[in-house]
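Letter by letter, the chains look like this.
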Amino acid sequence: MNDRLGFLRDKSNKLSLSPGVYLMKDKTGKIIYVGKAKALKNRVTTYFHALESHNAKTRKLVDNIYDFDFIVTSSELDALVLECSLIKQYNPKYNILLKDDKGYNYIKITKEPYPRISYALNCKDEKAEYLGPFTSGFTAKQAVEEANRIFMLPSCHKVFPRDFRKERPCLNYHIKRCIGVCTGKIKQDEYNEMIRSAIEYMQNGSKASVEQLTEQMYQASENLEFEKAAKLRDRINAIEKMKDSQEIFSDKTFDFDVIALAQNVELASVAVMCYRGGRITDKVNFFIGDEYESGQMLSDFMIGYYSERPERLPKIIYLDKQPDDSAILEEYFSSLCGHKVTLTVAQRGEGLSRVLLAKKNASEYLSMKVGRTVKEINALEDLAKLLGLSKIPTVIESYDISNLGEDSRVGGMVVYRNGRPYKAGYRKFSIKNVVGQNDYACMQEVIRRRLQRYLDGDESFAPLPDLILLDGGKGHVSAVHKVLDDMNISVALYGLVKDEKHRTRAIAAEGEEIQINANKKLFSLLTNIQDEVHRFSLSFQQQTHKKKTYELELTKIKGIGEAKALALIKHFKTKQALKEATAEEIATVAKIKIDKANEVQLFIRDNII
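Owing to the predicted nature of the structure, the values given are computational and were not obtained by experimental measurement.

> It is not clear to me how the sheet that holds strand β1 (residues 20–25) should be interpreted in this structure. Could you clarify?
The three strands lie next to each other as β2-β1-β3, forming an open sheet whose pairing is antiparallel. In this open sheet, the two edge strands, each paired with only one partner strand, are β2 (31–37) and β3 (67–72). Taken pair by pair, the neighbouring strands of this sheet meet at an average axis angle of 20°, ignoring direction. Strand direction decides the pairing type here: β1 and β2, joined by six bridges, are antiparallel. Paired with Met 24 across the bridge in β2 is Tyr 33.

> What should I look at first to understand the environment of Gly 495 in this one?
Residue placement: Gly 495 occurs in strand β18 (residues 492–498). Assessed through its relative accessible area of 0%, Gly 495 is described here as buried. A C-alpha to C-alpha distance of 6.8 Å links Gly 495 and Lys 474, two positions 21 residues apart in sequence. Leaving out residues up to four positions away in the same chain, Gly 495 has contacts with Leu 470, Gly 472, Val 477, Ala 506, Ile 507 and Ala 508.

> What exactly am I supposed to notice about the environment of Thr 588 here?
Its place among the elements puts Thr 588 in helix α18 (residues 583–590). C-alpha of Thr 588 to C-alpha of Leu 568: the two residues are 20 residues apart in sequence and 9.8 Å apart in space.

> What is the right way to read the packing of helix α13 (residues 439–455) against helix α14 (residues 474–486) from this model?
For any two helices packed against each other, one specifies the crossing angle of their axes together with the interaxial distance. Remark: α13 packs on α14, axes separated minimally by 9 Å, with the N-to-C direction vectors making an angle of 35°. The chirality of how α13 crosses α14 is right-handed. Residue-level contacts link Asp 439, Tyr 440, Met 443, Gln 444, Ile 447, Arg 448 and Leu 451 of α13 to Gly 475, His 476, Ala 479, Val 480, Lys 482, Val 483, Leu 484 and Asp 486 of α14. Grouping the amino acids of the contact of α13 with α14 by side-chain chemistry returns eight nonpolar, three polar and four charged.

> Looking at this structure, how should I read the side chain of Asn 192?
Here Asn 192 lies in helix α7 (residues 188–222). With a relative accessible area of 18%, Asn 192 lands in the buried category. Excluding its chain neighbours within four sequence positions, the residues that come into contact with Asn 192 are Pro 113 and Pro 115.

About the criteria used
Residues numbered from 1 in each chain as written. Predicted model: local features only at pLDDT ≥ 70, side-chain atom pairs only at ≥ 80, totals over all residues. Heavy atoms only, no water. Pairing = 2+ DSSP bridges. Helix = DSSP H or I, 4+ residues; strand = E, 2+ residues; numbered from the N terminus. Axes fitted to C-alpha atoms, helices over the stretch in contact; angles between N-to-C directions. Buried < 20%, exposed > 50% of the residue type's maximum accessible area, 1.4 Å probe, protein only. Contact = heavy atoms within 4.5 Å. Left-handed = near helix turned anticlockwise from the far one by under 90°. Nonpolar A, V, L, I, M, F, W, Y, C, P; charged D, E, K, R; others polar.

Given below as C-alpha cells:
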C-alpha cells in the first residue's frame, strides 16, 4: 500500500476540470507514466480511490507514485498531441512500449554462377548480397516467394552447374513452377537476366516490372526472337495472376489497415494487417506487456504505432472494437498525415472477414507466446462480451456445496487463471453456522468467509477474482448478491445451470438465464469449470464423511471423546496409518496413558476395517 495516498488524494482533489496531461513520478522524481484527460480532476482522482477495483497494471503504478505534475491544455486534441510528445521524450515505464515480434529481415541473393534468392534473418554471409533490412518478415518472405514463383526460379538445394543432368527434373519443373536449370539447357547469362528481373520486381513492385517486361517482350518480337517473347509474356501473365489471386476488394485502389487485439492474463497481442491497392502488403504483430481495459489499450497502441509511422496512415482503419476517444483519434491522425482518417468497427461483409483474420493472427501469436491455445484465449474474450464485463475475467472463482446429512456439509472453491485450473488457489470450507439442509445459506456462509479472509489481509485469499461462478441458478445468485452488498464488495457474479442430464446449459443472472450452447469454446470452458468444482467439493465431502465415521467408531472406546478421536484422525490422516500406529504414538497424540493407548490400539486393529 502506498503510504502517500492521503497526500495524493488531497492534491488530486484540488485539480481543475480542464483538459490536460498528468505526469506520475516515483520517489526519485522520474516520470513513470504520462496520461491525458478530458477533465484532469475526474481522471487523476480515480487512481487514488477504490484501489481494489484497479487492474494489476494500475495497482503496480499506484504503489510507485510518489508525486505527480500536470499541464493544462486548451483542448482534448492538444492534450493528446502533448501526451504523445512527452511519452517519446521520457519513455515512461508504465506507458505502452511497443515490442515488435521480430527483428530485422533481409532478402538474400547468393554470389554464384546461378544465384539463389531466399529469406534471411541476418546478413552475415559474405558470399551473398542483401536487400533490406525490412522491419516486417512477412513482407520479405512474401517478396521472395512471389519472385521465385513468377520467374520460375529453383528452390531446391542443388548446386549449379555442378548438378546439371545428374537427376531427372523434379515435380516443380513438370508443373511449371521451375524453369528446370538442372536440365543444363538454361544459359548462365539468361538465368542471371531473370535474377535481375526478379530483383527489379521486388524493389520496384509489379507495375514497374510489368512495364519493363512488356517493353522487353515487344523488343524481342521485333527482333524475331519469338521464343524469348513468349517467355516474357508468360512472366507478365504470372505477375498479373499473382496480383489477382490476392485481390481482396473489388476496388483495387482501396488502401486500408486492419487492427485487432487479443488479450491474456499478463500480455496482449495486437495484429496490424496493411492492404494497399486491394492486396495485403504487410502484417506485423506487437506484444503489450500489461493488460488493462481493451478500448484504452487499443487507443494507446494506435497512438504509439502511427505517431512513429505517420506516412503509413491509410484513409480507413478497420478495428475489432471501438477505441476510447475515437473522434479525437481521427482528428489527430488526420493532422499527422494530411488526409482524413476514419476509424471503423467492422460489423459485416468483407470488412468483418478481414477483422476476424487479423483477430486470428493476434490470437495465434499470443497463444504461442503465453503457452495457451487460441480456443482458451477466445473463450475468455467471448465470456467477457456475453456478460458485458469491462475486462476479460482472467481470474475466475467457482463454488459448489456438497452434503451428506448435516454432519458432512462442505463447500468447495476452485480457481481458474487465464482459462486453466490454478490448484494452488483451491480452498475447502466446512459448514459451521447453518442448521438443516439450506443450500442458499451454506453458499452465503462460504462466500462470506472467503471475502472476510481477504478483507482481513490474508494474502492467500488475494486478489479478488474478476468473476464468481456459483454451481446453481438464479436463487443462488440472488442469495450471494446480498452477501456482496453487505460487505460492500463489487465482483461480477453469475450461476451455472445444468440440464436434466447434469450438463451445463446456461449462465444464470438475477432474473434471467443466458444460453451458451451456441458457442462451443465458451460451453467447453464453463462445463470444465462446473465439473471441476463439483469434483473438488464432492471429494472433500467424501473425505469429511469418512473422518466422521472414524470419529464415531473411536468414541465407542470408554474415555475417548470427540476431541481425542479427532486428534488421532488429523495426525494419522489415513486408516492404514492409524492401524499401524504404536501404542506410544497413540498415547502422545491423544494425550492418554499407555494402558488406555494399548486398549485403543487393540480396538482399532479389531474393529476398523
